[in-house]
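Descriptive structure summary
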Amino acid sequence: MLLFDREILRARRERAARDWDTASFLKREISQRLVERLDDIRRSFAVAVDLGCHGGEIAAALALPGGGSRGDVRSLLQIDLAEGFARRAARFGPAIVADEETPPLAIGSCDLILSAMALHWVNDLPGLLTLCRRALRPDGLFLVAMLGGETLWQLRQCLAQAESDVESGLSPRVSPFADLRDAAGLLQRAGFALPVADSETITVDYPDPLALMRDLRAMGESNAILGRRPTLARRATLTRGAAIYTERFGNATGRVPATFEVLYLHGWAPHDSQQKPLRPGSASSRLADALQTVERPAGEKAGR
Amino acid sequence: MNSPPAVPVSPAARLGIDPKLLEILVCPVTHGPLEVDVGRGELVSRKAGLAYPVRDGIPIMLAGEARRLEDKP
């Protein structure tokens, strides 16, 4: 089933690219947090790829102030669905226009795949993860940050309420996001070794709910769900949604918070040098000894 | 099917493409190799019968933007 219309998304991204500098703060923040994770990994990654590069924020964040690059990246290929973004990113290095959903990467060609705030628009995330694992060399790293399930929960709640008040019916207005539990399982199923998924939330303060909606549009992040009602942007519904938002979440001065959940996915292309679980029955010492206790057969009650 | 020979370095550079990029790039439709057509400024996937345009050194790897090889330009 196709959830997101990639053509609509592409048009939105092209529009967002035109006036990107005013809307890029969240992308810059998430890119920075993402690449800092490379500092904990003592390895160099000669060939890296950025899926959904927007204006080149990952490339900018990879550059170290004293010269050189985090993760010792020698070349970074930046990929975006929108030509406007690829052109912006090209200031930092090689860029191409391609669909991040099916990246045109040769098998076993990359050492590192990065992505910030792009993969929440992908229809077939399991398929993409498998493609990425194959594109990596053995012991290559997949390290991405994507928006997760708690993202914009306030907006979702208020628009749903407004829609049932005004139009007596519901249609999806805020895209569904993957959640943390899905993410870890997906990494494993795609064949990544040592998969880790964790999340954090970033709360952004807006002067009012309409400013949030404008900002989402400027980021190219407004709803791209297929099967949206044609009446999607009905003014009455949005106005009512904004009123509910202020009512429920506004502070004394009317400012409102918006939550963005960032999922970090982290997995390695399998390689013999990686730690693996031992074969069952291959233990050379007893657990009971390590715990300084007495081993009892299963089924016998302890401490009777 | 015969795969085309490895892409030489200089044609890529003449299109403003980082030659290293072509080592990792494949056709998005067939995942087959790409040839550089310097004259037309395209990356050609024979297997898919598609030629992807390169604009200002930026390859546009979208089937919808590609030229079908049997078409006259």
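Since the structure is predicted, the reported quantities are computational estimates derived from the model, not experimental observations.

A few words now on the overall build of chain B. When its secondary structure is counted, chain B shows two helices and five strands. If you list the helices and strands of chain B from N to C, you get α-α-β-β-β-β-β. Looking at chain B as a whole, 47% of its 73 residues are labelled buried. A fraction of 30% describes how many contacts in chain B between residues 6 or more apart in sequence connect residues 24 or more apart.

Attention shifts here to the packing of aromatic side chains. Residues and elements named next belong to chain A. For the structure on display, the rule yields five aromatic pairs over all chains. Here Trp-153 and Phe-249 contribute two aromatic rings whose centre-to-centre distance is 5.3 Å and whose plane-to-plane angle is 90 degrees, an arrangement assigned as edge-to-face. Of the two residues, Trp-153 sits in helix α6 (residues 153–166) while Phe-249 sits in helix α9 (residues 235–249), which places them 96 residues apart along the sequence. Residue classification places Trp-153 among the partly exposed positions, given a relative accessible area of 34%. By relative accessible area, which is 19% here, Phe-249 ends up buried. Geometry around Tyr-264 places Arg-37 over its ring, the cationic atom sitting 3.7 Å from the centre.

Another aspect to go through is α6 of chain A. All names here are of chain A. The first and last C-alpha atoms of α6 sit 20 Å apart over 14 residues, in line with the 20 Å expected at 1.5 Å per residue. Among the residues of α6, Gln-154, Leu-155, Cys-158, Leu-159, Ala-162 and Glu-163 are the ones counted as buried. Projected onto a plane normal to the axis of α6, the buried residues spread over an arc of 150 degrees and lie on a single side. Check the buried side of α6 and you find it contacts α8 (209–218), α9 and β7 (256–268).

Contacts between chain A and chain B engage 23 residues on the former and 19 residues on the latter. Summed over both sides, the interface between chain A and chain B buries roughly 1600 Å², with carbon and sulfur atoms accounting for 65% of that surface. Among the residues chain A hides against chain B, the three largest losses belong to Arg-87, Val-97 and Pro-104 of chain A. Together they make up 29% of the total. Counting across the chain A and chain B interface gives three salt bridges. Across the pair Arg-87 of chain A and Asp-56 of chain B runs a salt bridge, and its minimum N-O distance is 2.6 Å. Taken together, the connections running from chain A to chain B amount to seven residue pairs in polar contact (both at pLDDT 80 or more). Going through the elements one at a time, β1 (47–51), β2 (75–80), α4 (83–89) and β3 (95–97) of chain A are the ones with two or more residues in the side of chain A that touches chain B. By residue class, the composition of the side of chain A that touches chain B is 16 nonpolar, three polar and four charged.

With that settled, consider the packing of α6 of chain A against α9 of chain A. Residues and elements named next belong to chain A. Taken N-terminus to C-terminus, the directions of α6 and α9 make an angle of 130 degrees; their axes are 8 Å apart at the nearest point. It follows from the interaxial angle that α6 and α9 lie oblique. In terms of crossing hand, the pair formed by α6 and α9 is right-handed. Facing Trp-153, Gln-154, Leu-155, Gln-157, Cys-158, Leu-159, Gln-161, Ala-162, Glu-163, Asp-165 and Val-166 of α6, the residues of α9 in contact are Ala-236, Thr-237, Leu-238, Arg-240, Gly-241, Ile-244, Tyr-245, Arg-248 and Phe-249.

Residue and element names in this part refer to chain A. As a packed pair, α8 and α9 sit with axes 8 Å apart at the nearest point and diverge in direction by 120 degrees. By the angle between their axes, α8 is oblique relative to α9. Facing α8, whose interface residues are Pro-209, Leu-210, Leu-212 and Met-213, α9 presents Leu-238, Ala-242, Tyr-245 and Thr-246. The class makeup of the residues in the contact of α8 with α9 is seven nonpolar, one polar and no charged.

This paragraph deals with the nonpolar core. Counting residues in each nonpolar core, the largest one holds 51 residues, and the members touching the most others are Ile-30, Tyr-206 and Phe-260 of chain A. Of the residues forming this core, the biggest block, six residues, is contributed by β7 of chain A. With near-sequence residues (within four places) excluded, Ile-30 of chain A lies in contact with Ala-116, Met-117, Ala-145, Leu-147, Ile-202 and Val-262 of chain A. Counting residues in each nonpolar core, the second largest holds 47 residues, with Leu-105, Leu-136 and Val-144 of chain A together with Ala-48 of chain B among its members.

Rules used throughout
Residues numbered from 1 in each chain as written. Chains lettered and ligands numbered in written order. Predicted model: local features only at pLDDT ≥ 70, side-chain atom pairs only at ≥ 80, totals over all residues. Heavy atoms only, no water. Helix = DSSP H or I, 4+ residues; strand = E, 2+ residues; numbered from the N terminus. Buried < 20%, exposed > 50% of the residue type's maximum accessible area, 1.4 Å probe, protein only. Contact = heavy atoms within 4.5 Å. Phe/Tyr/Trp six-rings, centres within 6.5 Å; stacked < 30°, edge-to-face > 60°. Lys NZ or Arg CZ within 6 Å of the ring centre and 35° of its normal. Expected span 1.5 Å × (residues − 1). Arc of directions from axis to C-beta. Buried area = accessible area lost by both parts, 1.4 Å probe. Salt bridge = Lys/Arg side-chain N within 4 Å of Asp/Glu carboxyl O. Polar contact = N/O pair within 3.5 Å; in protein donor to acceptor, adjacent residues only side chain to side chain. Nonpolar A, V, L, I, M, F, W, Y, C, P; charged D, E, K, R; others polar. Axes fitted to C-alpha atoms, helices over the stretch in contact; angles between N-to-C directions. Parallel < 35°, antiparallel > 145°, perpendicular 65-115°, else oblique. Left-handed = near helix turned anticlockwise from the far one by under 90°. Core = buried A, V, L, I, M, F, W, Y, C linked by side-chain atoms within 4.5 Å.

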